Amino acid sequence: MQKFIFKSIAMKKLFFTLILAATYLSLTFVSCKKTVVNNDPTTGKLQINFQNYVDGSPAIFDTMIYINAAGNHYLVSDVQYFISDVTLYKHGGNSTMIKGWVDYHYIDSQIPSSLVWNVYDDINIGDYDSLAFHFGISSDKNITGMFVNFPEKDMSWPDVIGGGYHYMKLNGKWLDVNNIKAGFGFHLGIGQNYDSLGNVILPFIDNSFRVSLPSSSFTISGGVTTNINIRMNFEKWFKEPNIYDLNYWGGGIMQNQGAQKVAAENGWNVFSFSK
Amino acid sequence: MKSISHKKVFLLLLIATNIFYSCKKDPPVTTIKAPTPYNFVIPKGFPTNVNIPANNPLTVEGVKLGHYLYYDDRLSGRADEGKGLSCSSCHKQINSFENGTGKGIGVMGIETDNVMLPHINLAWNPGTFAWNGGASSIEEDIYGAITLQSEFASTWEKVVAALSAVPEYPAMFEAAFGTKVISKELIAKAIGQFVRSMVSSDSKLDKVLRGEYNFTNSERNGMVLFTTESGADCFHCHGQPSNPLMTTNLFYNNAKDSSFNGIGDRYSVTGNHNDIGAYKAPTLRNVELTGPYMHDGRFKTLDEVINFYSEGLVYSEYAHPLMHKVRPPYGHGAALNPQQKADLKAFLLCLTDTSYIHNPNYAKIHL
């Protein structure tokens, strides 16, 4: 009887030892597998930080301390904009577009979380020569109703003037010729031409544009998040190739295709890149 | 042998005790039925993100209780003093749950700082209630309203005591929240549930969006004026057909005044210089029913409001940048002609939802 009990205990011990060993081995196997992936990854992550600058320094909002190329004293209250179709170009011409259809990001100076975009995609490792994106949302995707929730919903561009969404709302004030602090809504989006009676001449005009950032090389390393910065330099909206005079264009330009065109041309070099 | 026999006796006693206790009837277990989830339907075109607190989900029983409380003037805790007051005393269904007369007057005869805001589609409010966004939830708003001298001028002790004395309420609280013990928190939660359940989505504009109605020419022209910068430019602050809430729920100094006392405005909440004289852009849903207008009720009619935005804007350095039509000497508003004003008004009237003001689910009810 005692012999049997002894045997039974010994078997129990053996049994539990085997179970423990099996568990340990499976855990080791799983962890090793993960480690192998981490040690030899083919992809990494990308974090894009959005910055707002004026004249080479971080923007100070709501303070009338800036002078644009036209000599207008101005302040910026807030800015909201979309970028979309972000494309990463590799040496040799291969390119990767982030997230296809839902490739857009909303940036709002009043929502700090929007200033950091942790890109969902796994990005192939390697050296990238440059980065480009669409300012606003390209016309094939810029469709009314695309955003059902706020804050993106607040960017709606009325259907009667083209629909979809604002590319950007840049709100501020300038000291006009009468020294009045006048408000401006530098709002960019789909443009319109009008006939002599004020009726819209179709089709609407896609004023969104592609931005290719110069000197925007970076490296994606395996299993690592790479940080890059995209900076909007406010003064450049008013600077080149066209000098944009707020006294001339006035406070609202959503229905002024002339102003939209000038702004779009200036927008090509509004952004800069840093690591 | 003797010891074995003791063991046996002990074992027998143990078994007997076991049998005795197992045969004893279990005490009755009180089971409280869990409240039934409320089916909150999001209308077509409305945002899918709703602001329903995780700690106060809508339930059928909670909404029903809140409905009764909303209309119960014992909510002041002072009905026995002849000073009964309920939410519905100032938030009348016929006026889209606004009072339709201007500032509210509390049980002490003291006026509220500002006019009422309507209770409508508040499930979509992002957490900035009242004209200055000073309350982060409906519940928080209710906490304050009970003790404010210009509103209920009461104490929560009195309110809880008054409602606890109503025979039907303990069972209703139990059905909604699992306890018969009435508290300040549960009163606020129940009313919060009812108010969040109040949805308006059947105006002419909604019908247009659903393809059930076509605007008249005047209404369509009004919509164009509403949604264009060269027109009346209302949409930047009040939304547009693609935002059927008809508000951004944001705060703007809309150029009503040249000087400000800082009382009750957004600045009083944020301390941000740019919020001086700024108030919430209220929803324009049922705007026809919610006059007088502006935070202080200075305009009695929609015509006065339209005239103000057409030629009455007042310059100050605090006016929001979007109010760029005020730029003396060039302009003091949208400069609409009489036909445009009529068209704009015709569109605003398309935001009236009569089914909301007659919806029996929100109608007067009492115990």
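Q: Can you tell me about the overall build of chain B, naming the residues and giving the values?
A: Helix and strand counts for chain B stand at 14 helices and six strands. In terms of C-alpha radius of gyration, chain B reaches 28 Å, well past the compact-globule figure of 21 Å for 367 residues. Dimensions of chain B along its principal axes, counting C-alpha atoms only, are 120 × 50 × 40 Å. Burial analysis of chain B (367 residues in total) assigns 47% to the buried set. Counting only contacts in chain B whose residues sit at least 6 apart along the sequence, the fraction spanning at least 24 positions is 66%.

Q: Got a sec to walk through the overall build of chain A? Specific residues and values, please.
A: Across its full length, chain A holds three helices and 17 strands. Burial analysis of chain A (275 residues in total) assigns 33% to the buried set. Considering only residue pairs separated by 6 or more positions, chain A has 70% of its internal contacts joining residues 24 or more positions apart.

Q: Explain the packing of helix 4 (residues 138-147) of chain B against helix 7 (residues 184-196) of chain B to me, and be specific about the residues and the numbers.
A: Residues and elements named next belong to chain B. Running from N to C, helix 4 and helix 7 cross one another at 125°; their axes reach a closest spacing of 8 Å. The orientation of helix 4 with respect to helix 7, classified from their angle, is oblique. For the crossing formed where helix 4 meets helix 7, the hand is right-handed. Contacts between helix 4 and helix 7 involve Ile138, Glu139, Ile142 and Tyr143 from the first element and Lys184, Ala188, Lys189, Ile191, Gly192, Val195 and Arg196 from the second. Residues belonging to the contact of helix 4 with helix 7 are distributed by class as follows: six nonpolar, one polar and four charged.

Q: An account of the interface of chain A and chain B is needed here, citing residue identities and associated values.
A: On the side of chain B, 26 residues touch chain A, which itself brings 28 residues to the contact. Within the residue set of the side of chain A that touches chain B, elements represented by two or more residues are strand 10 (168-175) and strand 11 (181-188) of chain A. Per-element accounting of the side of chain A that touches chain B gives the leading share, five residues, to strand 11 of chain A. Taken together, the residues of the side of chain A that touches chain B sort by class into nine nonpolar, 13 polar and six charged.

Q: Give me the lowdown on the confidence of the model for chain B, citing residues and values where you can.
A: Averaged over every residue, the pLDDT of chain B is 93; residues scoring 70 or more account for 92%. In the predicted assembly, ipTM is 0.87 and pTM is 0.87.

Q: Please set out the domain arrangement of chain B residue by residue, giving values where relevant.
A: Residues and elements named next belong to chain B. Domains assigned within chain B are domain 1 (60-199) and domain 2 (204-351). Computed over C-alpha atoms, the centres of domain 1 and domain 2 are 29 Å apart. At the interface, 21 residues of domain 1 touch 22 residues of domain 2. Ranked by residues supplied to the side of domain 1 that touches domain 2, first place goes to strand 2 (residues 111-115) with three residues. Classifying every residue of the side of domain 1 that touches domain 2 gives seven nonpolar, eleven polar and three charged.

Q: How would you sum up the packing of helix 2 (residues 60-70) of chain B against helix 6 (residues 169-177) of chain B? Please name residues and give values.
A: All names here are of chain B. Interaxial distance between helix 2 and helix 6 falls to 7 Å at its minimum, and their mutual angle equals 145°. In terms of crossing hand, the pair formed by helix 2 and helix 6 is left-handed. Between helix 2, through Glu61, Gly62 and Leu65, and helix 6, the contact on the second element is made entirely by Met172, Phe173, Ala175 and Ala176. Residue composition of the contact of helix 2 with helix 6, by class: five nonpolar, one polar and one charged.

Q: Break down the nonpolar core for me, with residues and values.
A: Side chains that are nonpolar tend, in soluble globular proteins, to be buried together. All names here are of chain B. Leu69, Phe173, Ile187, Ala190, Ile191 and Phe226 are the most contacted members of the largest nonpolar core, which has 85 residues in total. For this core, the element with the highest residue contribution is helix 7, accounting for seven residues. Counting residues domain by domain, this core receives three or more from each of domain 1 (60-199) and domain 2 (204-351). The contact partners of isoleucine 187, leaving out residues within four places of it in the chain, are Leu69, Val159, Leu163 and Ile182.

Q: Mind laying out the environment of A:Leu188, listing which residues take part and the relevant values?
A: Residue and element names in this part refer to chain A. Considering the arrangement of structural elements, one finds leucine 188 in strand 11. Judged by local crowding, leucine 188 falls into the buried class, with 25 C-beta atoms found within 10 Å. For leucine 188, the contacting residues outside a window of four places in its chain are Gly136, His166, Tyr167, Met168, Asn207, Gln260 and Ala263.

Q: Before we move on, could you go through the confidence of the model for chain A and cite the residues and values that matter?
A: All names here are of chain A. The pLDDT averaged across chain A works out to 87; a share of 84% of its residues lies at or above 70. Note that pLDDT drops below 50 for residues 1-11; the model gives that stretch zero contacts with residues more than four away or on any other chain. Long-range and interchain partners of residues 14-38, a stretch whose pLDDT sits below 50, account for one contact in this model, where long-range means more than four residues apart.

Q: Account for helix 2 of chain B, with residues named and values stated.
A: Residue and element names in this part refer to chain B. Judged by how many residues are buried, helix 2 sits mostly within the fold: ten of eleven residues are covered. Glu61, Gly62, Val63, Lys64, Leu65, Gly66, His67, Tyr68, Leu69 and Tyr70 are the residues of helix 2 that are buried. Where the residues of helix 2 are buried, they touch helix 3 (87-90), helix 6 and helix 7.

Q: I'd like to hear about helix 4 of chain B, residue by residue, with values.
A: Within the span of helix 4 of chain B, buried status applies to B:Ile138, B:Glu139, B:Ile142, B:Ala145 and B:Ile146. Around the axis of helix 4 of chain B, the buried residues are gathered within 120° of arc, so they sit on the same side.

Rules and cut-offs
- Residues numbered from 1 in each chain as written.
- Chains lettered and ligands numbered in written order.
- Predicted model: local features only at pLDDT ≥ 70, side-chain atom pairs only at ≥ 80, totals over all residues.
- Helix = DSSP H or I, 4+ residues; strand = E, 2+ residues; numbered from the N terminus.
- Rg over C-alpha atoms; globule rule 2.2 N^0.38 Å.
- Buried ≥ 20, exposed ≤ 12 C-beta atoms within 10 Å, placed from the backbone.
- Contact = placed C-beta atoms within 7 Å.
- Axes fitted to C-alpha atoms, helices over the stretch in contact; angles between N-to-C directions.
- Parallel < 35°, antiparallel > 145°, perpendicular 65-115°, else oblique.
- Left-handed = near helix turned anticlockwise from the far one by under 90°.
- Nonpolar A, V, L, I, M, F, W, Y, C, P; charged D, E, K, R; others polar.
- pLDDT = per-residue confidence, 0-100.
- Domains from an automatic or database assignment.
- Core = buried A, V, L, I, M, F, W, Y, C linked by C-beta atoms within 7 Å.
- Arc of directions from axis to C-beta.

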